[in-house]
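Chain by chain, the residues run as shown.
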Amino acid sequence: MFEGAVSLSLDAKGRLAIPARHREALASSAESSLVLTAHPQRCLLLYPLAAWEPIRDKILKAPSFDARAQSLKRVLVGNARTESMDSAGRLLVAPELREHAQLEKTVWMVGMGSHFEIWSDAGWRRQNELAFEALQSDEPPPGFEDISL
């Protein structure tokens, strides 16, 4: 289970040092294979391979003559790259994925349970602010009616 947000730095070669607390879990659950892909909201998704494969298979079953389904296939599967962490726990983020998510020096790695989202600093701050604004209503989102904090 991946959770929490951490600010990280990309190095000059576009590598992201995975925090030590997540490194072992990612490596063991993925047998060292990780999948990075683009997300329509201009972030990246980072999955252990075993968690990504059923999602990929479901996406690929979507109707090929539906324009929106094809667009999602292109974004999610068409941009997917299988990568491995190096011996120092760094993950290379391909230039085209860095460009898609507008990643520069400071990035945010945000745990989402089975995977991580990787955001630019500005993108994460914007998404966080939008999330708090969306939650100003007294009505909980669907599925959250029975949750008490």
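Our subject is the structure that appears above.
Just so it is clear, the model here is predicted, and its values are computed rather than measured. (Residues numbered from 1 in each chain as written. Predicted model: local features only at pLDDT ≥ 70, side-chain atom pairs only at ≥ 80, totals over all residues. Heavy atoms only, no water.)

**So, the nonpolar core**
Convention followed: The term nonpolar core refers to a set of buried residues drawn from Ala, Val, Leu, Ile, Met, Phe, Trp, Tyr and Cys, joined through side-chain atoms within 4.5 Å. Accessible area is worked out with a 1.4 Å probe on protein chains only. A residue is then buried under 20% of its type maximum, exposed over 50%, and partly exposed in between. Every helix listed is a DSSP run of H or I at least four residues long, and every strand listed is a run of E at least two residues long, numbered separately from the N terminus. Working rule for contacts: check all heavy atoms of both residues, and any pair within 4.5 Å makes them a contact.
Ranked by size, the top nonpolar core spans 21 residues in total, and within it Leu26, Leu46 and Ile118 carry the most contacts. Where this core is concerned, the elements lending two or more residues are β1 (2–9), β3 (34–38), β4 (44–48), β7 (106–113) and β8 (116–120). With three residues, the top contributor of residues to this core is β3. If near-sequence neighbours (up to four positions away) are discounted, Leu46 is found in contact with Ile18, Leu26, Leu34, Val35, Leu36, Leu91, Met109, His115, Phe116 and Ile118.

**Here we look at the pattern of salt bridges**
Our working definition: Salt bridges are identified by distance alone: a Lys or Arg side-chain nitrogen within 4 Å of an Asp or Glu carboxyl oxygen.
As enumerated under the stated definition, the model contains six salt bridges in all. The partner of Arg15 in a salt bridge is Asp11, with the nearest N and O atoms 2.6 Å apart. By relative accessible area, which is 25% here, Asp11 ends up partly exposed. Across the pair Arg125 and Asp121 runs a salt bridge whose closest N-O atoms are separated by 3.1 Å. A residue pair is termed a helical-turn pair when its members lie 3 or 4 positions apart in one helix, as Arg125 and Asp121 do in helix α5 (residues 121–134) at four residues. Classification of Asp121 as partly exposed rests on a relative accessible area of 24%.

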